[in-house]
Amino acid sequence: MSSRTPSRQARTSGERAVARHGWAHALATVLGGLLAMAVVAALGLWAAGAADLPDGAFAPVVAATMVTAVGGAVQLSGSAGDLADTQAGLTVIPLSVTLTGALVIAWGFLRPLRHRAVAGAGELAGWAARVAALWLLALIGLTLAARHTFDISLGNDALGELGDLFGASPEIGFTTDVPLSVFVGVVWLAGVLVLALLVSRGAPLPAGLLRFQASVRPAAYAMVALLLAYVVIGVVIALVVAATRGHAAETLAVILLGLPNLVWLALTIGLGATWNGRVEGPFGLPMPHVLDEVLRTPDISELNLRTLSEHDGRVWWLLVVDIVLLLAAAFVMAARSPARVRAWQHAVHMAVALALTVFMICLVGRISAHYGLSVLGIGDLGGSLAGELFLRPRLWGAVGLAVPWGLVTGFAGALLARRVRRRGEVRPGRES
């Protein structure tokens, strides 16, 4: 009876710790994440020139950016009078905003769980449910606020006169699919909370899941560290480019809206993956401009190390960076693992983790945008009023390449970590 008392007391004190933070802390977590996302999105859009949008459109655009950042669906619609037609579509996730929100919410979620070894499944589920309930309300508000309509000028040339003659006044608007956006946004939150529990060594797990932490937690931590390392390197390179070559506003917009889109794309390309894409019309990919050069062709283009190196030989450094950072991630994974885990097991863990990471990048890194105007049913009028941009991966090829990379670097990282003292290791002369 007395042997059960300490664990029962620890469980009770843990539940009280969570209860003390309760709804107030859940509200702070959700508001903190939303505020961080809103600031990053607003600054990025301001740097991109969205502050000049007419009719008070800036705030709805910020809301739409936040919705898409958590995987929500923003629908574009067009109208150009009785004798004209517009078509538009946009699919892109601003991963800088996504990453900011995920980090802030994860930190807020883990904070009341610190310094705990074990937590009950019901306790964790109840704490997560509080955050999810408030997040759900916030998502509904965001999706309802993310809607607006823009007027598009046809200019003062013959095209403008033709539009005036036929009453073709192009408009393009956006709205959100509220049920789908709310559902995907809640799933996104669940993924963030689960990943936070997996990555943090100090976060408690239910007793039934403790046997998995030796294999899952070090690998999850290593992959998150790998992705963040690429973002940090990307920020440094972007700031250097802005300082030496100008384009400060454009560079700031890229950093605050889509830097992970670029650097995680570079990670997959360094592994040997291929992305297919095309750029046509006024659309374009942000820096580096070599991406735009490769993709701006009449047909669908391939984006990989070979095609990029034909325009800029420096892209082979992506291979070198991948080797260095993957070895570092594998070393970190092995150093955080118990001493009983063998080198071949590290290799398998690294291969699975890297394959899942590349799979995630391929899903969230897709881009698709198009816009067109026709009058009297005569096709796209071209020029600045029509364009297309898309970028999509060869998914299974990229995931397949990640497996051997993970096996090799995981095994090498385990060998490098042999000199590092790890949990569960007893060295000669230090037995206790």
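Reading guide: rules and limits
- Residues numbered from 1 in each chain as written.
- Predicted model: local features only at pLDDT ≥ 70, side-chain atom pairs only at ≥ 80, totals over all residues.
- Heavy atoms only, no water.
- Helix = DSSP H or I, 4+ residues; strand = E, 2+ residues; numbered from the N terminus.
- Buried < 20%, exposed > 50% of the residue type's maximum accessible area, 1.4 Å probe, protein only.
- Contact = heavy atoms within 4.5 Å.
- Phe/Tyr/Trp six-rings, centres within 6.5 Å; stacked < 30°, edge-to-face > 60°.
- Lys NZ or Arg CZ within 6 Å of the ring centre and 35° of its normal.
- Axes fitted to C-alpha atoms, helices over the stretch in contact; angles between N-to-C directions.
- Parallel < 35°, antiparallel > 145°, perpendicular 65-115°, else oblique.
- Left-handed = near helix turned anticlockwise from the far one by under 90°.
- Nonpolar A, V, L, I, M, F, W, Y, C, P; charged D, E, K, R; others polar.
- pLDDT = per-residue confidence, 0-100.
- Pairing = 2+ DSSP bridges.
- Polar contact = N/O pair within 3.5 Å; in protein donor to acceptor, adjacent residues only side chain to side chain.
- Core = buried A, V, L, I, M, F, W, Y, C linked by side-chain atoms within 4.5 Å.
- Expected span 1.5 Å × (residues − 1).
- Salt bridge = Lys/Arg side-chain N within 4 Å of Asp/Glu carboxyl O.

For the protein chain, an unreviewed UniProt entry supplies the name Integral membrane protein and the organism Streptomyces lomondensis.

Enquirer: What exactly am I supposed to notice about the overall build of the protein chain here?
Expert: Broken down by element type, the protein chain carries 13 helices and eight strands. Looking at the protein chain as a whole, 46% of its 432 residues qualify as buried. A separation threshold of at least 6 residues defines the contact pool for the protein chain, and within that pool the share at least 24 residues apart is 78%.

Enquirer: Please explain the packing of aromatic side chains as it appears in this structure.
Expert: Two measures describe an aromatic ring pair: the distance that separates the ring centres and the angle between the ring planes. Scanning the model with the defined rule gives three aromatic pairs in all. Taking NZ or CZ as reference, Arg336 lies 3.6 Å from the ring centre of Tyr221, over its face.

Enquirer: Where do I start with the environment of Ile140 in this structure?
Expert: Its location among the elements puts Ile140 in helix α4 (residues 121-145). You can call Ile140 partly exposed: its relative accessible area is 32%. Along the backbone, Ile140 and Val182 are 42 residues apart, and their C-alpha atoms lie at a distance of 6.5 Å.

Enquirer: Please explain the packing of helix α11 (residues 317-335) against helix α13 (residues 395-416) as it appears in this structure.
Expert: Between two packed helices, both the angle of their axes relative to each other and the distance between the axes serve to describe the pair. One way to put it is that α11 packs onto α13 with a least axis distance of 7 Å and a crossing angle of 55°. Judged on the interaxial angle alone, α13 and α11 are oblique. Considering how the two elements wind past one another, α11 and α13 form a crossing that is right-handed. The segment α11 lies against α13, with Leu319, Asp322, Ile323, Leu326, Leu327, Ala330, Phe331 and Ala334 engaging Trp405, Thr409, Gly410, Ala412, Gly413, Ala414 and Leu416. When the residues that make up the contact of α11 with α13 are grouped by side-chain class, the tally is eleven nonpolar, three polar and one charged.

Enquirer: What's the story with the confidence of the model for the protein chain in this structure? I'm lost.
Expert: Residues shown with low pLDDT carry predicted positions that ought not to be read at fine detail. Here the protein chain averages 82 in pLDDT, and 78% of its residues register 70 or above. Between residues 157-168, whose pLDDT stays under 50, and residues either more than four places distant or in other chains, the model counts 16 contacts. Across residues 375-384 the pLDDT falls below 50, and counting only partners more than four positions away or on other chains, this stretch makes 17 contacts in the model.

Enquirer: In this structure, what is going on with the pairing of strand β5 (residues 275-280)? I would like to understand it.
Expert: With five of six residues buried, β5 lies mostly within the body of the structure. Across three bridges, β5 lies against strand β6 (residues 301-303) in antiparallel orientation. What sits directly across from Gly277, in β6, is Ser301.

Enquirer: Would you explain the side chain of Ser337 in this entry?
Expert: Turning to its location among the elements, Ser337 is positioned in the loop between α11 and α12 (343-364). There is a polar contact of 2.7 Å between the side chain of Ser337 and the backbone oxygen of Met333.

Enquirer: I'm lost on the nonpolar core in this one. Help?
Expert: The nonpolar side chains of a soluble globular protein tend to be buried, and buried together. Among the nonpolar cores identified, the biggest contains 52 residues, and Met223, Leu226, Trp264, Leu303, Leu308 and Leu354 are the most heavily contacted of them. If we skip the residues at most four places from it in the chain, Leu303 touches Leu265, Ile269, Ala273, Thr274, Trp275, Leu291, Val294, Leu295, Leu308 and Leu391.

Enquirer: What is the right way to look at the side chain of Thr268 in this model?
Expert: With respect to the helices, strands and loops of the structure, Thr268 is situated in helix α8 (residues 248-270). Accessibility expressed as a relative area gives 1% for Thr268, which makes it buried. Among all residues touching Thr268, those that are not within four sequence positions of it are Ala273, Trp275, Val358 and Ile361.

Enquirer: Just checking my understanding: could you explain helix α2 (residues 58-69) for this structure?
Expert: In an α-helix, one turn spans 3.6 residues; hence positions three or four apart end up facing the same way. Given a rise of 1.5 Å per residue, twelve residues ought to cover 16 Å, and the 16 Å separating the end C-alpha atoms of α2 matches this to within 8%. Counting buried residues along α2, ten of its twelve residues qualify, which places the element largely inside the surrounding structure. By the burial criterion, the buried members of α2 are Pro60, Val61, Val62, Ala63, Ala64, Thr65, Met66, Val67, Thr68 and Ala69. Trailing α2 by a residue or two, Gly71 shows a phi angle of about 90°, which is positive.

Enquirer: Teacher, can you tell me more about the packing of helix α6 (residues 178-199) against helix α7 (residues 213-245) here?
Expert: It is the contact of α6 with α7, at a shortest axis distance of 7 Å, that shows an interaxial angle of 110°. Considered as vectors, α6 and α7 are oriented roughly perpendicular to each other. Across the interface between the two elements, Leu195, Leu197, Leu198 and Val199 of α6 pack against Val216, Arg217, Ala220, Tyr221 and Val224 of α7. Here the residues of the contact of α6 with α7 are counted per class, giving eight nonpolar, no polar and one charged.

Enquirer: Any chance you could explain the pattern of salt bridges here in plain terms?
Expert: Should the charged atoms of two oppositely charged side chains come close, the side chains can pair. A full pass over the atoms with the stated rule returns five salt bridges. Here Glu310 ties to Arg306 by a salt bridge, and the two come within 3.5 Å at their closest N and O atoms. With relative accessibility at 45%, the residue Arg306 sits in the partly exposed group. Counted as one network, the salt bridges with shared partners bring together Glu302, Arg306, Glu310 and Arg394.

Enquirer: What is the right way to look at α13 in this model?
Expert: An ideal rise of 1.5 Å per residue puts 32 Å on 22 residues; α13 measures up with 31 Å between its terminal C-alpha atoms. All of the buried residues in α13 are Leu395, Ala398, Val399, Ala402, Trp405, Gly406, Thr409, Gly410, Gly413 and Ala414. For α13, the elements touching its buried residues are α8, α11, α12 and β8 (387-393).

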